[in-house]
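# Architecture and fold: a report
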Protein chains: 2
Amino acid sequence: MHIISQQGYIQQVSIHCVIFGYQDKQLKVLVPKLHFQGDFWALPSGFVYQDEDTDEAAKRILEDRTGIKDVYLESFKTMGKASRNSRNFLDRLIELNPNTLDDETKRREYEWFTRRFIGIGYYALVDLNNVVAQKNEIDESIEWYPVNAIPQMIMDHNQLVDEAIESLRADLDRKRVAFHLLPETFTMKEVQELYETILEKSFAANNFPKRVLELNVLERLKKKFTGAANKAPYLYRFPKQNESSVKN
Amino acid sequence: MHIISQQGYIQQVSIHCVIFGYQDKQLKVLVPKLHFQGDFWALPSGFVYQDEDTDEAAKRILEDRTGIKDVYLESFKTMGKASRNSRNFLDRLIELNPNTLDDETKRREYEWFTRRFIGIGYYALVDLNNVVAQKNEIDESIEWYPVNAIPQMIMDHNQLVDEAIESLRADLDRKRVAFHLLPETFTMKEVQELYETILEKSFAANNFPKRVLELNVLERLKKKFTGAANKAPYLYRFPKQNESSVKN
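Bear in mind that the values here come from a model prediction, so they are computed numbers and not experimental data.

### What about the domain arrangement of chain A?
Residue and element names in this part refer to chain A.
- Taken domain by domain, chain A comprises domain 1 (9-177) and domain 2 (178-242).
- Between domain 1 and domain 2, the C-alpha centre-to-centre distance is 31 Å.
- Every contact between the two is made by 16 residues of domain 1 and, on the other side, 19 residues of domain 2.
- Interface area lost by domain 1 to domain 2 is led by Tyr22, Leu172 and Arg176, which between them contribute 41%.
- Linking domain 1 with domain 2 are two salt bridges.
- The tally of links from domain 1 across to domain 2 stands at seven residue pairs in polar contact (both at pLDDT 80 or more).
- Of all elements in the fold, only strand 1 (9-23), strand 2 (26-34) and helix 4 (157-174) reach the threshold of two or more residues within the side of domain 1 that touches domain 2.
- Counting residues per element, the side of domain 1 that touches domain 2 draws most heavily on helix 4, at four residues.

### Description of the relation of the copies chain A and chain B
- Least-squares fitting of chain A to chain B yields an RMSD of 0.0 Å, with the superposition described by an axial translation of 0.0 Å and a rotation of 180°. Accordingly, the operation relating the two chain copies is best matched by a two-fold axis. Among all residues of chain A, the minimum C-alpha distance to the rotation axis is found for Gln11 of chain A, at 3.2 Å.
- A shared binding surface is used by both copies, with 100% of the interface residues of chain A retained as interface residues in chain B.

### Quick word on the sheet that holds strand 9 (residues 234-237) of chain B
All names here are of chain B.
- Strand order in this open sheet of three strands is 7-9-8, and the pairing throughout is antiparallel. One side of each edge strand has no neighbouring strand; the edge strands of this open sheet are strand 7 (185-186) and strand 8 (219-223).
- Judged from the three bridges that link them, strand 8 and strand 9 form a sheet pairing that is antiparallel. By the bridge assignment, Arg220 is partnered in strand 9 with Tyr236.

### Examining the environment of Tyr22 of chain A
Residue and element names in this part refer to chain A.
- Position of Tyr22 among the secondary structure elements: in strand 1.
- Sequence separation between Tyr22 and Arg116 is 94 residues; the distance between their C-alpha atoms is 34 Å.
- Non-local contacts of Tyr22, meaning those with residues more than four positions away in its chain, are made with Leu27, Leu128, Leu181, Leu182, Glu190, Glu193, Leu194 and Thr197.

### Concerning the packing of helix 4 (residues 157-174) of chain B against helix 5 (residues 188-199) of chain B
Residue and element names in this part refer to chain B.
- Remark: helix 4 packs on helix 5, axes separated minimally by 9 Å, with the N-to-C direction vectors making an angle of 145°. The handedness of the crossing between helix 4 and helix 5 is left-handed. Across from Leu168, Arg169, Leu172 and Asp173 in helix 4, the residues of helix 5 making contact are Tyr195, Ile198 and Leu199.
- Within the contact of helix 4 with helix 5, the residues separate by chemical class into five nonpolar, no polar and two charged.

About the criteria used
- Residues numbered from 1 in each chain as written.
- Chains lettered and ligands numbered in written order.
- Predicted model: local features only at pLDDT ≥ 70, side-chain atom pairs only at ≥ 80, totals over all residues.
- Heavy atoms only, no water.
- Domains from an automatic or database assignment.
- Contact = heavy atoms within 4.5 Å.
- Buried area = accessible area lost by both parts, 1.4 Å probe.
- Salt bridge = Lys/Arg side-chain N within 4 Å of Asp/Glu carboxyl O.
- Polar contact = N/O pair within 3.5 Å; in protein donor to acceptor, adjacent residues only side chain to side chain.
- Helix = DSSP H or I, 4+ residues; strand = E, 2+ residues; numbered from the N terminus.
- Least-squares fit on C-alpha atoms with pLDDT ≥ 70 in both.
- Pairing = 2+ DSSP bridges.
- Axes fitted to C-alpha atoms, helices over the stretch in contact; angles between N-to-C directions.
- Left-handed = near helix turned anticlockwise from the far one by under 90°.
- Nonpolar A, V, L, I, M, F, W, Y, C, P; charged D, E, K, R; others polar.

Structure follows, in structure tokens:
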């Protein structure tokens, strides 16, 4: 088990991060695999210091586990079942990694880790091409998985991803969040493909650009040079500072 | 201060309920006023027992404080600022009610109550005509306020109401929640008025019914008798068991 200071944390509250990226017309999630015997995948997760906003805790956990910082974050769901704990996961981990509980400190950690935790789910939106994900010392690897091919994770982490996707869909128009998944500049066709991927439906090409431009959040740049001038699409840019990241 | 057992609660997690009703074409919120000197309004709030789902805690708090049970509930926001505590509120309360801290038990309660709490916000949707709100022993009164005329409440409770309204708007189509605010039977015109009230915009009367009926959740009943048969509107019913209440 990873040695972690239990001092200074709020008791029985945990943070879980669903990191969305977009690549090859697929919505993907970044999932680390733990460096223990047994195939344990888990969302980047952690706890909240007493003097720390939950939003700040989410940012810290995200950066510690993935090297990613300054991303768009939304808290989307709080998991509050009384039965929510990691006992099954940790017992299985210890069974496969018998040295894990070999001293008193680690046994105390086991007690702490296996209590009930109320889990606050955050989703993060990143430009996948721009981030270099880094595993930290508790991870064996970290990879992007298409949302329909995510490995079986510990506890309710797969359910958290499902809830995050549902919230992302609901937030698409209301909070204009989708642009955070795109590179610095993009065409309207790329925006439409992104919306179609996330919402799993098609939009009429003659209507979609109008709807998006009505949001009044995109800057139109010069035309993309393709050689065939009259068909060159406009490039757009989303000034990210317009959209405040996590607020509480 | 109200004597409350601190035993058995999850530490530093609180629950806050925004109870929505609909009356006279106004969206309203049920707000109790505390029975202390000073005008203290506060959302029905409480804590979570160790063996209790947060959803169950919200139901219990709602019933204890208002007499209302079996309502539609959604958790909509978790407030996680490190600075979030009720010290200002309680210090003012004690200033105006000097006997409040007159024994050791109450002083220990003060310490407990004034720590940082992560607050989970739930909204409830009720048929206002059907509920008889009851104040409990810590309340002086309990009243329905139009959302634009809610008194200044303690802590961040007004902000919680604002966040709840934003979530209710986003959930209107996605989760078909609005019908929980209507009486057992209603006309399409009443549904439209409700949507227009919550979303603060108008819909074309020729398009709205189609959109609502496409949700495929309403039962059409016999025509309402008005004397002028050809103008009598249809009555509709929303089978509430179709929609699961809180799930986690």
